[in-house]
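Chain residues, written in single-letter form:
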Amino acid sequence: MQLARATGAVSAVLLATLLARTAYAQAVEVDTTHTIFHEAPTKSNMTVYSPSADLEATPYDWLSVRGGWEADVVSGSSVAVKAGPAYGATHGTDVVTSASVHDFRNLARGGFTLRKDIVSFVGNYSYSTEHDYRSNSFNIAARTEAYEHNSQFEISYAHNFDQVCDRTQSQSDPPARYVPLEDSSGCFTGTNPLRTTLPIAVDSFQATWSQSWTPIFSTQLVYTAQITNGFQSNPYRSVIIAEGLAAQENEPENRTRHAVAARANIYFRSLKAALRLSARGYWDTWAISSGTGEAELEKYLLEPLRVSARLRYYKQSGAVFYSDDYSGGNPPLGPRGQYWTGDRELSPFSSWLAGLRAVYTLSSKQGRLGGFLTSLRAGVTADIIGFSYEDFTLAGQPIGNARSYLGAVDLTALF
Amino acid sequence: MRTWLSGLVLISLLLASASCVTVRPQQRAILADPIMQFEGDPHANAPIRHALDNREGSFGGDGVSGGGCGCN
């Protein structure tokens, strides 16, 4: 109901703007993207179809308004009970179980941009629903330029007011006795005494400096910080923490995260190609640190057709409370304090990504296409990601077939 | 503390050197080309960013907007 109201409000603002100012509109852009994601590593699998549609109108030079919708249709299964190699050696790999996952995430968003001279202000709001998650999010940003447009600065801030569904726990039980959420039935209804709602607040800040150094070379420096407070565990997952004792995953409620990214773009006139390089360093209060390197080459094959290839490498350390087996005796296996997790993304691992993209743009130098289109752009993308887990097993069984595949098509029309 | 001060000095020097740069408006055609944009095609990049954010322990450097968990 709330999503319908949010979508309705966004649509009404866009429609009113379009109807009132059609005669004066300078540009209207419509985007739609359709993505299929698939992975099937050991003991789990996930297929997600994600459609989205966005519309942005610029009725005046100083104002743009936009609205959009996206969804995730999720089907698969995930690990419900995680154990490590020591436990698996005595109990077998069948102690690790999986549970089916079906969800439908809907997100409505809207926003505006105000411009005056070399300054612009951006505001966005989004509301999303899942069977077990609700999110209200807004972000604001301010941009300006200096030195004849060669230096650009932006600061932005975002806040999420989120809620996650969880299993009601007995107040007398310690976390080691907490029971995982069985399924999402009864979530957010207020009628099921075995369901409760927990808050998550996320504050994010980012500062960006982009610089054009020569007609073919530019750089960007970005700093991002984020503070998350609230329930961050997977409510469905439990971890075997002692002989015969499986407890709901228990992660710290506070996390502060920092990232610094540096980018450089250089254009090769003889090749009609651009090389984009990126490096990122990350660290947080859960003791995860990571490094990311990315290179992308994009080239015009014909005037309307450009193709790109990208490679990315990522490596991270594990969270300070991560262990592959909390029942395994002394660290590195065994207890790691008051927290426990069965999350692969909190373990030490590396990943690589390879991707291809092609974009074809139709535009007319004499008037509009079909009398009303300024340009029409179609893109197709394919990515493959491979993961290599150093210290994550399912009762001693390494994660095999740890690859994810993503394919997407997108269409953008400019009126 | 010394690390932060060194960072501030480095950024100040870079900013000062930026003021000496003069790429004139008529020289900006390549910089304005879609293939020279840092954010690329934002709508096309969003799905892979979403997938990576939910499979890695890291975050940041790409913007702070967004909403919902979509953690699958």
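The structure contained in this document is the topic of the report that follows. Not measured: the values here are computed from a predicted model. (Residues numbered from 1 in each chain as written. Chains lettered and ligands numbered in written order. Predicted model: local features only at pLDDT ≥ 70, side-chain atom pairs only at ≥ 80, totals over all residues. Heavy atoms only, no water.)

So, the overall build of chain B
Put simply, the test is: Counting from the N terminus, the helices are the DSSP runs of H or I reaching at least four residues and the strands are the DSSP runs of E reaching at least two. Here the term buried applies to any residue with accessible area under 20% of the maximum for its type, exposed to any over 50%, and partly exposed to those in between, with areas from a 1.4 Å probe on protein chains only. Residue exposure ignores everything except the shown protein chains as possible cover, and the areas themselves are Shrake-Rupley values with a 1.4 Å probe.
Secondary structure assignment for chain B yields two helices and zero strands. When each of the 72 residues of chain B is scored for burial, the buried share is 40%. Counting every atom, chain B has about 3900 Å² of accessible surface; 62% of that belongs to carbon and sulfur.

Section: the interface of chain B and chain A
Worth spelling out the cut-off: Any two residues whose heavy atoms approach within 4.5 Å at even a single point are treated as in contact. As used here, buried area is the combined drop in accessible area, with a 1.4 Å probe, of two parts when they are placed together. Here, a salt bridge means any Lys or Arg side-chain nitrogen found within 4 Å of an Asp or Glu carboxyl oxygen. Polar contact criterion, stated in full: a pair of N or O atoms within 3.5 Å, where within protein one must be able to donate a hydrogen and the other to accept it, and residues adjacent in sequence count only if both atoms are side-chain atoms. Only Asp, Glu, Lys and Arg are considered charged in this grouping, and only Ala, Val, Leu, Ile, Met, Phe, Trp, Tyr, Cys and Pro are considered nonpolar; every other residue, Gly among them, is considered polar.
Contact with chain B, which involves 47 residues of that partner, is made by 89 residues of chain A. When residues of chain B are sorted by the area they lose upon contact with chain A, Ile35(B), Phe38(B) and Arg55(B) head the list and together hold 15% of the total. Our count for the chain B to chain A interface comes out at five salt bridges. Put simply, Arg263(A) and Asp62(B) hold a salt bridge, and the shortest N to O gap is 2.8 Å. Applying the counting rule to chain B against chain A returns 21 residue pairs in polar contact (both at pLDDT 80 or more). Those elements that place two or more of their residues in the side of chain B that touches chain A are helix 1 (2-18) and helix 2 (42-53) of chain B. Per element, the largest residue contribution to the side of chain B that touches chain A is eight residues, and it comes from helix 2 of chain B. The class makeup of the residues in the side of chain B that touches chain A is 21 nonpolar, 20 polar and six charged.

Examining unusual backbone geometry
All names here are of chain A. The residue His149 is not glycine, and still its phi comes out positive at about 70 degrees. Among the secondary structure elements, His149 is positioned in the loop between strand 6 (133-146) and strand 7 (151-167). Positive phi values are uncommon outside glycine, yet Ala287 reaches one of about 70 degrees.

Some remarks on the state of the cysteines
All names here are of chain A. Convention followed: In plain terms, two cysteine sulfur atoms within 2.5 Å form what is called a disulfide here.
Tallying each qualifying case throughout the model produces one disulfide over all chains. Across the disulfide, Cys165 is cross-linked to Cys187 (sulfur-sulfur distance 2.1 Å). Taking the torsion about the S-S bond as the criterion, the Cys165 to Cys187 disulfide, at about -75 degrees, is left-handed. Of this pair, Cys165 sits in strand 7 while Cys187 sits in the loop between strand 7 and strand 8 (195-214); the two residues are 22 residues apart in sequence, bridging distant segments of the chain. Comparing Cys165 with Cys187 shows no difference in burial state: the two are buried.

Just distances and angles here, no functional claims.
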